[in-house]
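Read off the chains here:
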Amino acid sequence: MIADMIGWHKMLNNNKITLVYSGPLWSEGIGGIAGTLKKRMEFDKMPLQTAQKVFSVFIEQMNNMLMYSAEKELFFVENGKDSEAPKGTFILGREGKKYFIQTGNAVKNEAVNLIKNRIDYLNTLDKIEIRKYYKEQLRNGDTNPESKGAGLGFIEIARRISSKIEYSFESYEEGLTYFTLFAAIGEENE
């Protein structure tokens, strides 16, 4: 099948999308995407403080997908050992002086309420309250037994973005829900 590349090109340009990745995720692969992201920010002459925020949000969102994506892709490697990698989608775009990062991945249905509650709580806080909550979480640690990290990912994103965290959940496959997270980062001189 030959894709309509002109149509895709126009759609990406019209939606101000400058970088897209969809597929399996692994640490080394994320490093490659990070390098591409850094070059994109250089080409855009993004202010340093904004670039640092964009990069920080990128790292958090990619780590969340790497650790929590419930959809896996199986790989067959030469030594005969099968390997699997979580799957996800990453989009970087720009609208005016705001950059946005949108990610998507499948999560287990049981995780939906926990994710929703965490984000909804963070969205009630202002920047000062988020900073205070972040410090409390550093001291207390994550109480979620399902957590594979320190539980700071969404808090770190909320600290860096210029608006509230936007998200959606859509029924995906049996036992899975597709989780989409959208974060906007504004330039400091807005």
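### A few points about a nonpolar patch on the surface
Here comes step 1: Taken together, Met5, Trp8 and Met11 make up a surface patch of nonpolar side chains, about 340 Å² in accessible area.
Here comes step 2: Within the secondary structure, Trp8 is located in helix H1 (residues 5-14).

### So, unusual backbone geometry
Here comes step 1: The backbone of Lys45 sits at a positive phi, close to 50°, despite the residue not being glycine.
Here comes step 2: For Lys45, the position within the fold is in the loop between helix H2 (27-43) and helix H3 (48-68).
Here comes step 3: Residue classification places Lys45 among the exposed positions, given a relative accessible area of 72%.

### Digging into H2
Here comes step 1: With 17 residues, H2 should reach 24 Å at 1.5 Å per residue; the first-to-last C-alpha distance of 25 Å fits that figure.
Here comes step 2: Among all positions in H2, only Ile30, Ile33, Ala34, Leu37 and Met41 are buried. Buried residues of H2, viewed axially, fall in a sector of 110°; they line one side. Exposed residues on H2 whose side chains face more than 90 degrees from its buried face are Glu28, Glu42 and Phe43.
Here comes step 3: On its buried face, H2 sits against strand E1 (17-24), H3 and strand E3 (82-95).

### A look at the confidence of the model for the protein chain
Here comes step 1: Summary statistics for the protein chain give a mean pLDDT of 86 and a share of 90% for residues scoring 70 or more.
Here comes step 2: Across the protein chain, the secondary-structure element scoring lowest on mean pLDDT is H1, at 79, and the one scoring highest is strand E5 (residues 166-171), at 96.

### Description of the packing of aromatic side chains
Here comes step 1: The full count for this structure, using the stated rule, is eight aromatic pairs.
Here comes step 2: A centroid spacing of 5.1 Å and a plane angle of 65° characterise the contact between Tyr121 and Tyr133, whose relative ring orientation is edge-to-face. A residue pair is termed long-range when its members are at least 10 positions apart, and Tyr121 in helix H4 (residues 112-124) and Tyr133 in helix H5 (residues 127-140) qualify at twelve residues.
Here comes step 3: Three or more aromatic residues joined by ring pairs form one cluster here, namely Phe154, Tyr167, Phe169 and Phe179.
Here comes step 4: Above the plane of the ring of Tyr134 lies Arg159, whose end atom (NZ or CZ) is 4.1 Å from the centre.

### Focus: the packing of H4 against helix H6 (residues 153-160)
Here comes step 1: H6 packs onto H4 with a crossing angle of 30° between their chain directions and a minimal axis gap of 10 Å. With respect to their mutual orientation, H4 and H6 come out roughly parallel. Of the two elements, H4 crosses H6, and the hand of that crossing is right-handed. Between H4, through Ile115, Arg118, Ile119 and Leu122, and H6, the contact on the second element is made entirely by Phe154, Ile155 and Ala158.

### So, the nonpolar core
Here comes step 1: By size, the foremost hydrophobic cluster in this structure holds 37 residues, and its most contacted members are Val54, Phe58, Met62, Phe90, Ile101 and Phe154.
Here comes step 2: For this core, the secondary structure elements donating two or more residues are H2, H3, E3, strand E4 (98-108), H4, H5, H6 and strand E6 (176-186).
Here comes step 3: For this core, the leading source of residues is H3, giving six residues.
Here comes step 4: Contacts of Val54, omitting those with residues within four sequence positions, involve Leu37, Met41, Met46, Leu92, Tyr99, Ile101 and Ile185.

### Remarks on the pattern of salt bridges
Here comes step 1: In this structure the tally under the stated criterion is five salt bridges.
Here comes step 2: Salt-bridge contacts for Arg40 lead to Asp44; the nearest nitrogen and oxygen are separated by 2.8 Å.
Here comes step 3: Assessed through its relative accessible area of 18%, Asp44 is described here as buried.
Here comes step 4: The residue Lys116 makes a salt bridge to Asp120 at a minimum N-O spacing of 2.8 Å. A residue pair is termed a helical-turn pair when its members lie 3 or 4 positions apart in one helix, as Lys116 and Asp120 do in helix H4 at four residues.
Here comes step 5: In the salt-bridge network here, residues are joined through shared partners; they are Glu156, Arg159 and Arg160.

### Details of the side chain of Asp44
Here comes step 1: As for its position among the elements, Asp44 is in the loop between H2 and H3.
Here comes step 2: Only 2.8 Å separates the side chain of Asp44 from the side chain of Arg40, close enough to count as a polar contact.
Here comes step 3: With sequence-adjacent residues up to four places away left out, Asp44 is seen in contact with Arg94 and Tyr99.

Cut-offs and rules
- Along each chain, the written sequence defines residue order, and numbers are assigned to residues from 1.
- The predicted origin of the model limits local features to residues at a pLDDT of at least 70 and limits the giving and counting of side-chain atom pairs to 80 or more, whereas totals for whole chains, interfaces and linings rest on all residues.
- Heavy atoms throughout the structure, all of them, feed into the side-chain values; hydrogens and water do not.
- For patch building, the residue pool is restricted to those with more than 30% relative accessible area and no salt bridge; the joining distance is 9 Å between like charges and 5 Å between nonpolar side chains (Val, Leu, Ile, Met, Phe, Trp, Tyr).
- Note on areas: Shrake-Rupley, 1.4 Å probe, and residue coverage restricted to the protein chains presented here.
- Salt bridge, as used here: a side-chain nitrogen of Lys or Arg that lies within 4 Å of a carboxyl oxygen of Asp or Glu.
- Under the scheme used here, helices are H or I runs from DSSP no shorter than 4 residues and strands are E runs no shorter than 2 residues, and both carry numbers assigned from the N terminus.
- For every residue, the accessible area (1.4 Å probe, protein chains only) is compared with the maximum for its type, and the residue is labelled buried under 20%, exposed over 50%, or partly exposed between those bounds.
- Between the first and last residue of a helix there are one fewer steps than residues, each counted as 1.5 Å, and that sum is the expected span.
- Taking the helix axis as origin, the arc is that swept by the directions to the C-beta atoms.
- Residue contacts are defined here by distance: any two heavy atoms, one from each residue, within 4.5 Å place the two residues in contact.
- Values of pLDDT, the confidence the predictor places in each residue, fall between 0 and 100.
- Only the six-membered ring of Trp is used, alongside the rings of Phe and Tyr, when aromatic pairs are assigned; centres must lie within 6.5 Å, and planes under 30 degrees apart are stacked while those over 60 apart are edge-to-face, with the rest tilted.
- Any Lys NZ or Arg CZ that is within 6 Å of a ring centre and within 35 degrees of that ring's normal is treated as a charge sitting over the ring.
- Fitted lines through C-alpha atoms serve as axes, helices being fitted only where they are in contact, and the angles separating the N-to-C directions of these axes extend from 0 to 180 degrees.
- Each angle gets one of four labels, with under 35 degrees taken as roughly parallel, over 145 as roughly antiparallel, 65 to 115 as roughly perpendicular, and the rest as oblique.
- Each crossing gets its hand from how the near helix is turned against the far one by less than a right angle, where anticlockwise is left-handed and clockwise is right-handed.
- Buried Ala, Val, Leu, Ile, Met, Phe, Trp, Tyr and Cys residues form a nonpolar core when they are joined through side-chain atoms within 4.5 Å.
- The definition of a polar contact used here is a pair of N or O atoms within 3.5 Å, where within protein one atom must be able to donate a hydrogen and the other to accept one, and adjacent residues in sequence count solely through side-chain atom pairs.

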